[in-house]
Structures are given as C-alpha cells and as structure tokens.
Amino acid sequence: MPRPTARARPATRAEPPSSKAPPPAISEPELEPESRPAGRNKLKLKVPRARRFVALAGNIGAGKTTAAKMISQGFGFELFDEPVIDNRFLRDYYGDMSRWSFTLQLEFLIRRVEHHELIHSVRKSCVQDRTLYEDPEIFAKYLHGLGHMTNAELDLYYEYFQRLSRHIVRPDKVICFDVPSEEVLLQRIRTRGRAEEKGIGKQFLKGLNGYYAGFPQVLQEKYGVDCLVVDVSKQDIRRGPGREEFLDRVSAFLA
C-alpha cells in the first residue's frame, strides 16, 4: 500500500473503520456535492477577508468529507483531505487491531502534523477534513478503553502528541457535525459501500458519539478553538435549502 503524502489535494476531488472487529473512525461516506442545473443561480457566499484555517470534526458517516469539499469550492479554500485511503498500516490494522492500533494512531498523528505545517505555509485560507485533536481526545482514548492500546502505549502516544504539536498553528475555527442517531450513521456508511467499513456496528458508533458529545467543549476550553456544532442528522447539506442554510451558517461563522 503506497505511503501517503502530506499535501493538499485538489479541491475538486473527495477515526477509522473496520475488519472483523469495529475499528476507529477514519473516514466519511462520499456524498458528492450537488450538481446545479444549468441556468440556476449559484449561492453568493461572503468570503472572509482575513485568511482562515477551518477544520471539520465528526463521527464516521457524519459528512465531513462532503462539507470540506463544499467549503473548498464555495469559498475558494485550499482542501486538505484526511490521509486515510493510502495509509500504509490499515491492512495490518484490520487484521490485528491490538497489535497495530498504536502504530496506526501514530501514523495519523504524524500526517496531521505535516498537514498543519503545510497549512501554515499556504497563503490562502484552508479547510481540513478531520481535526488533529480528535485523535488524542477521542480515538486514542477509545481504542485504549476497548483494550486495543496498553497504558504504556497510550502514555507514549500522548508524549508524541505533546512534542509534535507544540509549535503548530491551531485552526481558527472548527465545525463539528453532530449525528446522534447511530442508525443514520450506519445508513450513510452503507451507502458509501467501502469493504473495510462493513464491520462497523451501532455499539462502536455509539461509543464514539459518547466522546464526541463533549468534544466541542474540549476544543474551546482546552485548546482555545472556536467551534460551531451542526446537527446534520436530518438535514441534507448537499443540495437545495439544506445546502444554502449550511453554507450561510459557515459564512457567518468564518466572518
């Protein structure tokens, strides 16, 4: 499996998933943004004057990838995809989670830090698909709680996190997607249809939702990052009024 590169992917392209046991959420189902009919007026968005670094957060299936594309295309932001598909440890991880969970989390940490370093060097505004902080605050803790990381591995992971993230530039804003219903998440994951996600179950998603419930408060109080929580369980942000309402909220949040 090719080694991923920490670079921004073109804005026009689109915690972690599964094998026999449900793995941590790593990616979202690919729900393509709306293709507008010819002759229809596009939504006019107010682009922030100042440079912005905004990141998306949320459970598997919440729709972060779709939203990141929409923000990139609608506001002209540079898109930084989540470094998942080409991850060199995923295959081994799916085969033996207890053996490879620490290694996989360390890989994600390194790649996300590289993204932050690249984002710092880009002059234009940027949007990142999944935040750096979901790994230490949600996935590492959850894997440890499930018995897939030892106490020593978790402590070592936090040491790496503290050292590697010490001087990085934090996001100006985070948009956190809330989907309380695990059934909705499962339906979206099934629609995505990735083979490695077949083992994800409701209980695994419910456990992640438990951590995500307090994540916005953690972002604001521990990391000093402003967070907008959006319930996308019933709202289709890909098209029509749902799309316009979402982009309007993002525009006001980034102003």
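Residues numbered from 1 in each chain as written. Predicted model: local features only at pLDDT ≥ 70, side-chain atom pairs only at ≥ 80, totals over all residues. Heavy atoms only, no water.

K.L.:
How should I be thinking about the overall build of the protein chain in this particular structure?
P.N.:
Check the secondary structure of the protein chain and you find 9 helices and 5 strands. When its helices and strands are written in sequence order, the protein chain yields β-α-β-α-α-β-α-α-β-α-α-α-β-α. Taking all 255 residues of the protein chain together, the buried fraction comes to 55%. Taken as a whole, the protein chain presents about 11,900 Å² of accessible surface, with 49% of it coming from carbon and sulfur. (Helix = DSSP H or I, 4+ residues; strand = E, 2+ residues; numbered from the N terminus. Buried < 20%, exposed > 50% of the residue type's maximum accessible area, 1.4 Å probe, protein only. Areas by Shrake-Rupley, 256 points an atom, 1.4 Å probe, with all protein chains shown as cover.)

K.L.:
Can you help me understand the pairing of strand 4 (residues 173-178) in this one?
P.N.:
When a strand is regular, its side chains alternate between the sheet's two faces. Where burial is concerned, most of strand 4 is hidden: 5 out of the 6 residues are buried. Taken together, the 4 bridges between strand 1 (residues 53-57) and strand 4 define a ladder with parallel strand orientation. Paired with Ala-55 across the strands is Val-174, a residue of strand 4. Bridging between strand 4 and strand 5 (residues 226-231) involves 6 bridges; their strand directions are parallel. Bridged to Ile-175 within strand 5 is Leu-228. (Pairing = 2+ DSSP bridges.)

K.L.:
Just checking my understanding: could you explain helix 5 (residues 151-164) for this structure?
P.N.:
An α-helical turn contains 3.6 residues, so any two residues separated by three or four positions project in the same direction. End to end, helix 5 covers 20 Å across 14 residues, agreeing with the expected 20 Å (1.5 Å per residue, within 8%). All of the buried residues in helix 5 are Leu-154, Tyr-157 and Phe-161. With its buried residues spanning 60 degrees around the axis, helix 5 presents them on a single face. Facing away from the buried side of helix 5 by more than 90 degrees, the exposed set consists of Asn-151, Ala-152, Glu-159 and Arg-163. The inward-facing, buried residues of helix 5 abut helix 3 (97-121) and helix 4 (134-145). (Expected span 1.5 Å × (residues − 1). Arc of directions from axis to C-beta. Contact = heavy atoms within 4.5 Å.)

K.L.:
Before we go on, may I ask you to explain the sheet that holds strand 2 (residues 78-80) in this structure?
P.N.:
Sheets are built from strands paired through backbone hydrogen bonds, the pairs being either parallel or antiparallel. Taking strand neighbours across the sheet as the criterion, the 5 strands line up as 2-3-1-4-5 in an open arrangement whose pairing is parallel. Each edge of the sheet is formed by a strand with only one pairing partner; in this case those strands are strand 2 and strand 5. Each strand axis lies, on average, 20 degrees off the axis of its neighbour in the sheet, ignoring direction. (Axes fitted to C-alpha atoms, helices over the stretch in contact; angles between N-to-C directions.)

K.L.:
For this particular structure, what's the right way to read the nonpolar core?
P.N.:
The nonpolar side chains of a soluble globular protein tend to be buried, and buried together. Ile-71, Ile-175, Phe-177 and Phe-246 are the most contacted members of the largest nonpolar core, which totals 66 residues. The greatest single-element share of this core, amounting to 8 residues, is contributed by helix 3. When neighbours within four sequence positions are excluded, Ile-71 is seen to be in contact with Val-54, Leu-56, Gly-76, Phe-77, Val-127, Ile-175, Phe-246 and Val-250. (Core = buried A, V, L, I, M, F, W, Y, C linked by side-chain atoms within 4.5 Å.)

K.L.:
Looking at this structure, how should I read a nonpolar patch on the surface?
P.N.:
A contiguous nonpolar surface patch, about 300 Å² in accessible area, is contributed by Ile-110, Leu-156, Tyr-160 and Leu-164. The biggest single contributor to the nonpolar patch is helix 5, with 3 residues. Its place among the elements puts Leu-164 in helix 5. (Patch = residues over 30% accessible without salt bridge, like charges linked within 9 Å, V, L, I, M, F, W, Y side chains within 5 Å. Salt bridge = Lys/Arg side-chain N within 4 Å of Asp/Glu carboxyl O.)

K.L.:
Looking at this model, I keep getting lost on the packing of aromatic side chains. Mind explaining?
P.N.:
Aromatic ring pairs are described here by two measures, namely the spacing of the ring centres and the angle between the planes. In total, this model carries 9 aromatic pairs according to the counting rule given. Here Tyr-142 and Phe-204 contribute two aromatic rings whose centre-to-centre distance is 5.2 Å and whose plane-to-plane angle is 35 degrees, an arrangement assigned as tilted. Of this pair, Tyr-142 sits in helix 4 while Phe-204 sits in helix 7 (residues 202-213); the two residues are 62 residues apart in sequence, bridging distant segments of the chain. A relative accessible area of 10% places Tyr-142 in the buried class. Using a relative accessible area of 4% as the deciding quantity, one classes Phe-204 as buried. (Phe/Tyr/Trp six-rings, centres within 6.5 Å; stacked < 30°, edge-to-face > 60°.)

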